[in-house]
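In case you want the letters, here they are:
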Amino acid sequence: MAELFETILSTQRYFQGVLAGHVLELFSSPGRFAVGMAVAVALGLVHALTPGHGKAVIFSYFLGQSASPLTGLRGAAGAALTHGTIAVVLVLIAGRVISPLGRPMGAGAWLEGAAGLIVAAIGALYVFLSVRGLRGPARHAHGAEGSRPFLAIAMGLLPCPLTIIVVGSAINRGATLAGITLAAGISIGSAVTIGCFGLLGIALRRGGLALLGGNIQRVLKGLAYIELATSLLILALGLLTVAGVVGRLR
């Protein structure tokens, strides 16, 4: 696992170095623009494999809640694109908002804490609905689906450190528009990776239900317990995010 993580980090560093060479010349020709955007998307694909980015929450949600693959991709895209947009806005407004360790600080840290609170609140709602679902599984679907957009927004509130670095570096070199454009490419790549985790959750849910067979009572009870377990996990992830921010702000 350590070797895999190091491979991901080294690949990210390579793409980041290549991208730095395209910032000043991004709009010099169509070919240069295409290559720069391709590298930015590839960087986003790899970067989203590193810890964070809401992958665990997205995976847990779609493992526990019924959804189509298109819905899973849409939710992941919303989270990733908001994730990148928030990072760009923070850099433009507040300047340096990450520590040397790559962790959000200042306004970024407060946004991360707010995101954790929203995720925890949604997790608590899911726990309530899931417990109620153990008595009547069909009654709580609407409440869970209604909170789906808020979960994507909460994930998007976590500013992307890599996007902050890329945009900040571009601004320092007098290429603000190029930095923002490349940030969009990074967000697209991240959306694809996060979407794959959402699709994995959907696939595992459907596979588990298929293993339960045609017994409707077993299916309903299995759904209720899956939803309760993933709801508890979402609640825990939100609380851990808040705890981490509080620890850094002390």
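Read on for a plain summary of the structure. Here the structure is a predicted model, which means the values were calculated and not measured.

## Overview of the overall build of the protein
So, point 1. The secondary structure content of the protein amounts to 10 helices and 0 strands.
So, point 2. Secondary structure of the protein in N-to-C order comes out as α-α-α-α-α-α-α-α-α-α.
So, point 3. For the protein, the residues scored as buried account for 45% of the 250 residues in total.

## Comments concerning the pattern of salt bridges
So, point 1. Summed over the entire model, instances satisfying the criterion amount to 1 salt bridge.
So, point 2. A salt bridge links Arg13 to Glu6; the shortest N-O distance between them is 3.0 Å.
So, point 3. Judged by relative accessible area, which is 48%, Arg13 ranks as partly exposed.

## What to know about the packing of helix H1 (residues 2-20) against helix H2 (residues 30-47)
So, point 1. In the contact formed by H1 and H2, the axes pass within 9 Å of each other and the chain directions differ by 160°. Accordingly, the angle class assigned to the pair H1 and H2 is roughly antiparallel. Handedness of the H1/H2 crossing: left-handed. Mapping the contact onto sequence places Ile8, Thr11, Gln12, Phe15, Gln16, Val18 and Leu19 in H1 and Gly36, Val39, Ala40, Ala42, Leu43, Val46 and His47 in H2.
So, point 2. Each residue belonging to the contact of H1 with H2 can be placed in one class, and the counts come to 9 nonpolar, 5 polar and no charged.

## Observations concerning the packing of aromatic side chains
So, point 1. If you walk through the whole model with that rule in mind, you get 2 aromatic pairs.
So, point 2. Seen from their ring centres, Phe27 and Phe33 are 6.0 Å apart, and the 25° between their planes marks the pair as stacked.
So, point 3. Overall, the relative accessible area of 32% leaves Phe33 in the partly exposed class.

## Regarding the nonpolar core
So, point 1. Counting 21 residues, the largest nonpolar core has Leu19, Val23, Leu162, Leu182 and Ile186 as its most contacted members.
So, point 2. Secondary structure elements with two or more residues in this core: H2, helix H4 (69-94), helix H8 (161-172) and helix H9 (176-211).
So, point 3. No other element matches H8, which puts 5 residues into this core.
So, point 4. Ala67, Val119, Ile194 and Ile234 belong to the second largest nonpolar core, which has 15 residues in total.

What counts and how
Residues numbered from 1 in each chain as written. Predicted model: local features only at pLDDT ≥ 70, side-chain atom pairs only at ≥ 80, totals over all residues. Heavy atoms only, no water. Helix = DSSP H or I, 4+ residues; strand = E, 2+ residues; numbered from the N terminus. Buried < 20%, exposed > 50% of the residue type's maximum accessible area, 1.4 Å probe, protein only. Salt bridge = Lys/Arg side-chain N within 4 Å of Asp/Glu carboxyl O. Axes fitted to C-alpha atoms, helices over the stretch in contact; angles between N-to-C directions. Parallel < 35°, antiparallel > 145°, perpendicular 65-115°, else oblique. Left-handed = near helix turned anticlockwise from the far one by under 90°. Contact = heavy atoms within 4.5 Å. Nonpolar A, V, L, I, M, F, W, Y, C, P; charged D, E, K, R; others polar. Phe/Tyr/Trp six-rings, centres within 6.5 Å; stacked < 30°, edge-to-face > 60°. Core = buried A, V, L, I, M, F, W, Y, C linked by side-chain atoms within 4.5 Å.

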